[in-house]
Amino acid sequence: MDQLAGAVRRCGNPVVVGLDPRWEQLPAPLTNAMLGEPQERAGAYLAFCQQIIDVVAPLVPAVKPQAAFFEELGPVGMTALGTVIRYAQDQGLLVILDGKRNDIGSTAEAYARGWLGRRDSPWGADSLTVSPYLGEDSLTPFVNVATQRSAGLFVLVKTSNPGGGLLQDLVADELCVYRHVAELVDRLSAETVGECGYGIVGAVAGATYPEQLAELRQAMPHTWFLVPGFGSQGGGAADVAGGFDEQGLGAVVNSSRGIIFAHQREEYRGKYDDSQWQRAVEEATHDMIAQLQEGTPVGQLSRKLP
Ligand SMILES: O=C(O)c1cc(=O)[nH]c(=O)n1[C@@H]1O[C@H](COP(=O)(O)O)[C@@H](O)[C@H]1O
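Note that this is a predicted model, so its numbers are computed, not measured. (Residues numbered from 1 in each chain as written. Predicted model: local features only at pLDDT ≥ 70, side-chain atom pairs only at ≥ 80, totals over all residues.)

With respect to the overall build of the protein
In step 1: Along the protein, the regular secondary structure elements total 15 helices and ten strands.
In step 2: Summarising its shape, the C-alpha atoms of the protein cover approximately 55 × 45 × 40 Å along the three principal directions.
In step 3: For the protein, buried positions account for 51% of its 306 residues.
In step 4: The contacts in the protein between residues at least 6 apart in sequence include a share of 72% that link residues at least 24 apart. (Helix = DSSP H or I, 4+ residues; strand = E, 2+ residues; numbered from the N terminus. Buried ≥ 20, exposed ≤ 12 C-beta atoms within 10 Å, placed from the backbone. Contact = placed C-beta atoms within 7 Å.)

Right, here's the structure in full:
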């Protein structure tokens, strides 16, 4: 989280660009004359992600590749994912791998060793999204590996999807289940606090539940948030404002489709044709940065920059 806080300060914004390549939505110049076989798709996903990274690397602190779209393609997809991770890091970005992994402790350790650590793992992600529902003994191996390898975790606490409340909002011992998860995560984070005041165990809390996000900010003083749900899922700057601390730190905000497929959005479609899709990505990224700087405590960061 110290690395993430440093990157956020350097960029003056907390935007994470989600790399969720979907074949049907790729810009036409990347798929022309292709049939959509896994090998072709993997090549197109790699080119698409690399060209997004080229645009956003000077602007934002991190990207979040979504493993699902690469796994769907089998081994060629996973090879492309590995190349995307390394390419992003070579361009100076931190990589949050969105895999939502977990299992019993001994298996969890294999996931952690596989995904986490730039120098020590085959995939080399800087952090990984993790599910908490197997309990504390399933999180401990991730915490141990992440600690050894200067990596981080983001544990699902309050997810952005409409159905998340079915289990997460159940009340047990007078507290919603997501608040119990929050207590566990913040305790683990408190044990690993770095110079920035946050520990290595972050939390996922969706932009689509702004009240709960603000409540969690108070309840989880040691925990950095990954906030998905901005843009395509309906979240805006006002919704994520409660996720930050008073310095404008403590949260990063992800947008995937809203940025990477900006060439299809009404605001940008008329300005840029399909061959100019990278310019749409750039403008959408600048627009999101401006919205967060104007509508959230993130404005504090940019004022501090020289
Ligand atoms: O862990 C995540 O990133 C995540 C958690 C959550 O609660 N909601 C959520 O949307 N996500 C991920 O964030 C991304 C959101 O994509 P967009 O809706 O296109 O911005 C997807 O990759 C989701 O899998």
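Some remarks on the UniProt feature "active site" (unreviewed entry) in the protein
In step 1: The sites that UniProt annotates as "active site" (unreviewed entry) are Lys100.
In step 2: The topology assignment puts Lys100 in strand 3 (residues 94–101).
In step 3: Once you skip the residues sitting within four places of it in the chain, Lys100 turns out to touch Thr129, Val130, Ser131 and Leu156. (UniProt positions renumbered as here; feature names shortened; annotations may be inferred.)

Points about the site of the ligand
In step 1: Within the structure, the ligand sits among 20 residues, and Thr159, Ser160, Pro228, Ser256 and Arg257 are positioned closest to it.
In step 2: For the shell around the ligand, the elements supplying multiple residues, two or more each, are strand 10 (251–255) and helix 12 (257–260).
In step 3: Tallied by class, the residues present in the shell around the ligand amount to two nonpolar, 15 polar and three charged. (Near = placed C-beta within 6 Å. Nonpolar A, V, L, I, M, F, W, Y, C, P; charged D, E, K, R; others polar.)

A few points about the environment of Leu226
In step 1: Mapping Leu226 onto the fold places it in strand 9 (residues 225–227).
In step 2: Of the residues examined, Leu226 has 29 C-beta atoms within 10 Å and is grouped as buried.
In step 3: Separated by 21 residues in sequence, Leu226 and Ala205 place their C-alpha atoms 6.4 Å apart.
In step 4: Ignoring anything within four residues of it in the chain, the contact list for Leu226 reads Ile96, Phe154, Gly202, Val204, Val252 and Asn254.

As for the pairing of strand 5 (residues 152–158)
In step 1: In terms of burial, strand 5 is largely enclosed, as seven of its seven residues are buried.
In step 2: Sheet topology note: the strand 4 (residues 127–130)/strand 5 ladder contains four bridges and is parallel. The residue of strand 5 that forms the bridge with Ser127 is Gly152.
In step 3: Note that the unit made of strand 4, helix 7 (residues 136–148) and strand 5 has a crossover that is right-handed.
In step 4: Strand direction decides the pairing type here: strand 5 and strand 8 (residues 201–205), joined by five bridges, are parallel. Paired with Leu153 across the strands is Val201, a residue of strand 8. (Pairing = 2+ DSSP bridges. Right-handed = clockwise from strand over helix to strand, strands pointing away.)

Description of the sheet that holds strand 9
In step 1: A barrel is described by the order of its strands in space; here eight strands give the closed sequence 1-2-3-4-5-8-9-10, paired in parallel fashion. Between one strand and the next, the sheet's axes are offset by a mean angle of 30°, whatever the strand orientation.
In step 2: Pairing of strand 9 with strand 10, which is carried by three bridges, proceeds in the parallel orientation. Each residue of the ladder has a partner; that of Phe225, found in strand 10, is Ala251.
In step 3: Helix 7 rests against strand 4, strand 5 and strand 8 of the sheet, and its axis sits at about 150° to strand 5. (Axes fitted to C-alpha atoms, helices over the stretch in contact; angles between N-to-C directions.)

Remarks on helix 10 (residues 210–219)
In step 1: What helix 10 keeps buried is the set Pro210, Gln212, Leu213, Leu216 and Arg217. Take helix 10 and look down its axis: the buried residues cluster within an arc of 160°, on one side only. Opposite the packed face of helix 10, turned more than 90 degrees from it, sit the exposed residues Glu211 and Gln218.
In step 2: In this fold, the buried residues of helix 10 make contact with strand 5, helix 9 (177–190), strand 8, strand 9 and helix 11 (237–240). (Arc of directions from axis to C-beta.)

As for the packing of helix 6 (residues 105–115) against helix 7
Angle between the axes and distance between the axes are the two parameters that describe a pair of packed helices.
In step 1: Look at helix 6 against helix 7: their axes get within 8 Å of each other, and the N-to-C directions meet at 30°. As the angle between them shows, helix 6 and helix 7 are arranged roughly parallel. Seen from above, helix 6 lies across helix 7 with right-handed handedness. Between helix 6 and helix 7, the residues in contact are Gly105, Ala108, Glu109, Ala112 and Arg113 and Asp137, Ser138, Thr140, Pro141, Phe142, Val145 and Ala146, respectively.
In step 2: Partitioning the contact of helix 6 with helix 7 into residue classes produces six nonpolar, three polar and three charged. (Parallel < 35°, antiparallel > 145°, perpendicular 65-115°, else oblique. Left-handed = near helix turned anticlockwise from the far one by under 90°.)

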